[in-house]
Amino acid sequence: MKCSKCGQEFGDGTNCQNCGINRVTGLANFSGYDVPEGDTMNNASSFSQNHTYVPISQPNIVQEKSIVCYNCGEIIPANSKYCPYCSTSLYVTCPKCGHKYSSQYPACSQCGTNRENYEEEKKYIVPYGTTTIEAHSFENELTLKEVIIPPTVTIIGEDAFRNCRSLLSIIIPNSVTEIGFGAFSWCTSLRMVGIPNSVEKINACAFGHCESLANILLPTSLKEIGDLAFCWCKSLSSIEIPNSVKKLGYSVFDTCTSLSKVKLPNSIKRIENGLFRCTNLSNICIPNTVEKIGSQAFYGCPLSNVEIPNSVIWIGRYAFECCYLLTNITLPESIKYIDDFAFKDCNSLREVYIPGSVKTIGRNVFAGCNNLNEACRRDIQLKFGIQL
C-alpha cells in the first residue's frame, strides 16, 4: 500500500518507512483494491506480490473535505474541532506563539515549541492591529498566565478568556468599550483587573467565579453592568459603582462572601433581584432614586439597620429574608406594595413601622420573625386584617 503523502510503499510499521507519517493519516486516501479476474480471495495469497492491484473509489465513504481522526480512525468533516466518535480535541493552541495546530503532534508546527515540556512563563501578546478578541479565543487555555492586549482592541468577545485558570492579571487598554458575556469567567487565579475609562458595558457573567479577584475599580464611563457580572467573586471586599451606571443587572454580586463595603450610584431606579446575596455585607445605603427593591435583593445579608428612602414604592418577595441581625425597620410613606415573605426569618426584628400609604401587603411578610413585639403585631393585624 502506498503512502498518500510521499507515494512510496508504506511498509508494515505504524509510520511510513519513507516520510515517517502516521499510518492512519498516511493511508487516509486508501479506499480499496480491484480484485483480478478469477481470483476467489480464499486465502492470504490473494494479496501476494504476484498480483498488481489498483485503488477503486468509494465516494460514499471518503468524501471531499473530510479528514481522518488520528485517534480512532473515523472519517469526519474537515472543519471539525472535536471528533464526534471519540471526542478527541483535534486542535490545540501553542502556549508560546498562540498558533493553532493539530493535537496529534506535541510540537507546534509554527515555532516548534513542545507544549508538553513547555515550562517558561505562559504569556501571550495579542498582535497589534487586532480590533476584536473573538469569542472563545483563549477559552480553556489552562496554562496561560499573562496576556498583553494592544490599544487597537475595542471589543473583548464572549467567553474570550473563560476558564483560563492560571491567568493572574489583565490590563485592558483604553480603546476597549465592551467586555463580552463571560469574557473572564472562571479565571479563578485572576487577582487584578484594570478597566479603563473607555468601557461602557460589562456584559453578563463577565467576571463570574473569579474567586481570587479582591479589588476592581470601575470607570466613570461605565453605563451598564450585566446580570451575574461579578457573582461568586469570593475575595471581592469592596466595590464603588460610579454614578454613570444606569442599569445594574440581577445577582451582579451574588455570593460575594467577602463583600462588606458597597457604594451604590445615585442613578439607578431598581435594586434588581438577588443583587446582594452577600453573607458579610452589614451596611448599605440605598440611594433616594431607587423605586423598587427586587426579590431576594439582600437575602442573607447581616444587616443590622436599613434606611429605606422615601422614593421606594415596592419591596419584592424575600427582599430581606434571613437578615438575621436586623432589629428594626421604618418604612417610608412612599411604600405602596410589600410582597410575600419580604422580611421572612428576620429573627432579631423587634419593631417595624408600616405607613398608611401601603395598599397591598403580601402573604407571610413577617413569617419566622419570632421576636417581633406584640404591639407591632397588633398594629399590623388591625391595619391589614392579617394574622402574623
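One can find the structure itself at the top, above this paragraph.
Figured I'd write up the structure that's included with this text. Being a predicted model, the structure only gives us computed values, none of them experimental.

Evaluated as defined, the whole model comprises 13 aromatic pairs. A ring pair is formed by Y124 and F138, whose centres lie 5.1 Å apart and whose planes are at 55 degrees; its orientation type is tilted. Of the two residues, Y124 sits in strand β5 (residues 123-125) while F138 sits in the loop between β6 (132-133) and β7 (146-148), which places them 14 residues apart along the sequence. Classification of F138 by relative accessible area gives buried; the value is 10%. Aromatic rings pair up to connect Y124, F138, F161, F184, F207, F230, F253, F276, F298, F320, F343 and F366 into one cluster. A cation sits over an aromatic face here: K292 above W314, 5.0 Å from the ring centre.

Here we come to the layout of surface pockets. What the second largest pocket holds in volume is close to 430 Å³. Surrounding the second largest pocket, 13 residues form its lining, Y82, S89, Y91, K100 and E139 being those nearest its centre. In terms of residue count, the dominant contributor to the lining of the second largest pocket is strand β3 (residues 91-93) (3 residues). When the residues that make up the lining of the second largest pocket are grouped by side-chain class, the tally is 4 nonpolar, 5 polar and 4 charged.

Before going further, it helps to spend a moment on empty space enclosed by the protein. Scanning all chains against the criterion turns up 1 cavity of 30 Å³ or more. Of the residues in the lining of the largest cavity, the class split is 5 nonpolar, 3 polar and 3 charged.

This brings us to the environment of S238. As for its placement among the helices and strands, S238 is situated in strand β15 (residues 238-240). Once you skip the residues sitting within four places of it in the chain, S238 turns out to touch N215, L259 and K261.

A sheet is described by the order of its strands in space; here 3 strands give the open sequence β20-β22-β24, paired in parallel fashion. Each edge of the open sheet carries a strand with a single partner, namely β20 (305-307) and β24 (351-353). Taken pair by pair, the neighbouring strands of this sheet meet at an average axis angle of 5 degrees, ignoring direction.

Parameters and conventions
- Residues numbered from 1 in each chain as written.
- Predicted model: local features only at pLDDT ≥ 70, side-chain atom pairs only at ≥ 80, totals over all residues.
- Heavy atoms only, no water.
- Phe/Tyr/Trp six-rings, centres within 6.5 Å; stacked < 30°, edge-to-face > 60°.
- Helix = DSSP H or I, 4+ residues; strand = E, 2+ residues; numbered from the N terminus.
- Buried < 20%, exposed > 50% of the residue type's maximum accessible area, 1.4 Å probe, protein only.
- Lys NZ or Arg CZ within 6 Å of the ring centre and 35° of its normal.
- 1 Å grid on protein atoms, 1.4 Å probe; cavity = no way out; pocket = protein on both sides within 12 Å on 5 of 7 lines; lining within 4 Å.
- Points joined across faces, edges and corners; volume = space filled by probe spheres on them.
- Nonpolar A, V, L, I, M, F, W, Y, C, P; charged D, E, K, R; others polar.
- Contact = heavy atoms within 4.5 Å.
- Pairing = 2+ DSSP bridges.
- Axes fitted to C-alpha atoms, helices over the stretch in contact; angles between N-to-C directions.

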